[in-house]
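# Working through the structure, step by step
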Amino acid sequence: MLFVRAIRDYLSPSILGASFVSLLVPLVLLGFAVGLGGSHLWDLLQALEAREPLATQSVPGWLETILAYTFVQWIFITLFYLFGGLLALLVSVIIAVIVIGFFTPWLVDIVRKRHYPLYELPKGLSVLVVIKEAGKIFGKFLGIFLLSLVLLALPLVNTIALYVPFFYLFYRILILDVGSVMFDLEDYEKFQTSHQKSMFLVGLLCFILSLIPFVGLFLQPLFIIYFTHYVFQKVLLFT
């Protein structure tokens, strides 16, 4: 099975080291951002309660009156951390997959040498092509993200609205990471269309696993390794 083979590769000491990088970088960046934001928000609420001039000038009068109550402040802070925590989780997944992207050529080379030593990979996509493809991906992500913000106001739909744009970004970056190393431009474009359904399901499973706090960030190299085995066995060795 592809997954069993990927797990065995993933458990090697050198690759586990890369897992720690994909875990620590998002945690440090997002932990700092959420903590700093929460601290500033609490300071603002305290300033409003004390009716400090600079604070009261920055918000409308009706909002100032509501936020003057301690229980409202606690509700506001709780909602901030709940929503901020969800957003931080989703952003951390994206940061992790971007960070591990820098290790992708090394991970693909390890898999090739261990299991497919007779296969020579092409040069891959040029830096300019990768930047162009990444720009397209982020542009579409922003469009989907803005739409998801509108959907947050709708019951039922709002529970999954934020996940959709981040899944798209995660999935497309993952494909670009692996595809940019293992294909030339023509084959990369063919690969995206001919294996779209199966890769979508694999990408969805990887995204769901990524949402497990801490564990998901640690598993990012495993996803790259699995996709690498998939490309070798389902595409390159049968063309």
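For the structure itself, consult the block above.
A few points on the structure. Keep in mind the model is a prediction, meaning the values are calculated, not measured. (Residues numbered from 1 in each chain as written. Predicted model: local features only at pLDDT ≥ 70, side-chain atom pairs only at ≥ 80, totals over all residues. Heavy atoms only, no water.)

## Details of the overall build of the chain
Operational definition: Helix and strand definitions follow DSSP, with helices as H or I runs of at least four residues and strands as E runs of at least two, each counted in order from the N terminus. Here the term buried applies to any residue with accessible area under 20% of the maximum for its type, exposed to any over 50%, and partly exposed to those in between, with areas from a 1.4 Å probe on protein chains only. Throughout, a residue-residue contact means that at least one pair of heavy atoms, one from each residue, lies within 4.5 Å. Residue-level accessible areas treat just the shown protein chains as cover; the underlying method is Shrake-Rupley with a 1.4 Å probe.
Looking only at helices and strands, the chain has 13 helices and zero strands in total. Listed by position from the N terminus, the elements making up the chain come as α-α-α-α-α-α-α-α-α-α-α-α-α. Out of the 239 residues in the chain, the part that is buried amounts to 42%. In the chain, the proportion of contacts linking residues at least 24 apart, taken out of those at least 6 apart, comes to 80%. For the chain, the accessible surface area stands at approximately 13,300 Å², while carbon and sulfur atoms represent 74% of it.

## Quick look at the layout of surface pockets
Inclusion rule: Here a cavity denotes a set of grid points, spaced 1 Å apart and computed over the protein atoms alone, in which a 1.4 Å probe fits but from which it cannot get out, and a pocket denotes an open set meeting protein on both sides within 12 Å along at least five of seven lines; residues with an atom within 4 Å of a point are reported as lining. Grid points are joined across faces, edges and corners, and a volume is the space filled by probe spheres set on the points. Throughout, the ten residues Ala, Val, Leu, Ile, Met, Phe, Trp, Tyr, Cys and Pro are labelled nonpolar, Asp, Glu, Lys and Arg are labelled charged, and all others, Gly among them, are labelled polar.
The space that makes up the largest pocket amounts to roughly 380 Å³. Forming the boundary of the largest pocket are 17 residues, of which Gly101, Val130, Leu176, Asp177 and Ser180 lie nearest the centre. Elements supplying a minimum of two residues to the lining of the largest pocket: helix H5 (70-101), helix H6 (104-115), helix H7 (127-151) and helix H9 (163-182). Looking at the lining of the largest pocket residue by residue, the class counts come to 12 nonpolar, four polar and one charged. The computed volume of the second largest pocket comes to approximately 170 Å³. Lining the second largest pocket we find 12 residues, and of these Leu27, Leu30, Ala88, Leu89 and Ser92 sit closest to its centre. Put simply, the parts of the chain that give the lining of the second largest pocket at least two residues each are helix H2 (13-49) and H5. With five residues, H5 is the single largest residue contributor to the lining of the second largest pocket. Looking at the lining of the second largest pocket, its residues break down into eight nonpolar, four polar and no charged.

## Details of the side chain of Arg112
You can see Arg112 is positioned in helix H6. Overall, the relative accessible area of 12% leaves Arg112 in the buried class. In this structure Arg112 touches Pro117, Tyr119, Glu120, Leu121 and Phe232, once residues within four positions along its chain are discounted.

## What about helix H11 (residues 196-210)?
To be explicit about the condition: Take the number of residues in a helix, subtract one, and multiply by 1.5 Å to get its expected span. Comment: arc refers to directions from the helix axis out to C-beta atoms.
Its 15 residues place the ends of H11 20 Å apart at the C-alpha level, agreeing with the 21 Å of an ideal helix rising 1.5 Å per residue. Along H11, the positions that sit buried rather than exposed are Met199, Val202, Gly203, Cys206, Phe207 and Ser210. One side of H11 carries all its buried residues, which in axial view fall inside an arc of 140°. Exposed and oriented more than 90 degrees from the buried face of H11 are Lys197, Leu201 and Leu205.

## Points about the pattern of salt bridges
Where charged atoms from two side chains of opposite charge come close, those side chains can pair. Inclusion rule: Within this document, salt bridges are pairs made up of a side-chain nitrogen of Lys or Arg and a carboxyl oxygen of Asp or Glu, the two lying within 4 Å of each other.
One pass over the structure, following the stated rule, counts six salt bridges. For Asp109, the salt bridge goes to Arg112, with nearest N and O atoms at 3.5 Å. On the criterion of helical spacing, the pair formed by Asp109 and Arg112 is a turn pair, its members being three residues apart in helix H6. Note on Asp109: relative accessible area 29%, which makes it partly exposed. Two residues, Asp109 and Lys113, come together in a salt bridge whose shortest N-O distance is 3.1 Å. With a gap of four residues between them, Asp109 and Lys113 both fall in helix H6, about one helical turn apart. Take Lys113: its relative accessible area is 53%, and that puts it in the exposed class.

## Let's talk about the packing of aromatic side chains
Note the following rule: Note on aromatic pairs: the rings of Phe, Tyr and Trp (six-membered ring only in Trp) are paired at centre separations within 6.5 Å, and the planes decide the class, stacked below 30 degrees, edge-to-face beyond 60, tilted for the rest.
Taken as a whole, this structure holds 16 aromatic pairs when the rule is applied. Aromatic side chains Phe167 and Tyr171 sit 5.8 Å apart centroid to centroid with 15° between the ring planes, which places their arrangement in the stacked category. Residue Phe167 and its partner Tyr171 are both found in helix H9; the two are separated by four residues, about one turn of the helix. With centroids separated by 6.0 Å and ring planes inclined at 75°, the aromatic side chains of Tyr171 and Phe200 adopt a geometry described as edge-to-face. Separated by 29 residues along the polypeptide, Tyr171 in helix H9 and Phe200 in helix H11 bring together distant segments of the chain. The exposure class of Tyr171 is buried, given its relative accessible area of 7%.

## What about the packing of H7 against H9?
The axes of two packed helices give the description: the angle between them and the distance between them. What counts, and what does not: Orientation is described by lines fitted to C-alpha atoms, with helices fitted over the stretch in contact, and by angles between N-to-C directions that extend from 0 to 180 degrees. Should an angle lie under 35 degrees it is considered roughly parallel, over 145 roughly antiparallel, and from 65 to 115 roughly perpendicular; all remaining angles are considered oblique.
Taken N-terminus to C-terminus, the directions of H7 and H9 make an angle of 170°; their axes are 8 Å apart at the nearest point. When the axis of H7 is compared with that of H9, the two are roughly antiparallel. Along the contact surface, H7 presents Val130, Glu133, Ala134, Ile137, Phe138, Lys140, Phe141, Ile144, Phe145 and Ser148, while H9 presents Val164, Pro165, Phe166, Tyr168, Leu169, Arg172, Ile173, Leu176 and Ser180. For the contact of H7 with H9, a count of residues per class yields 14 nonpolar, two polar and three charged.

This is a description of form; function is not addressed.
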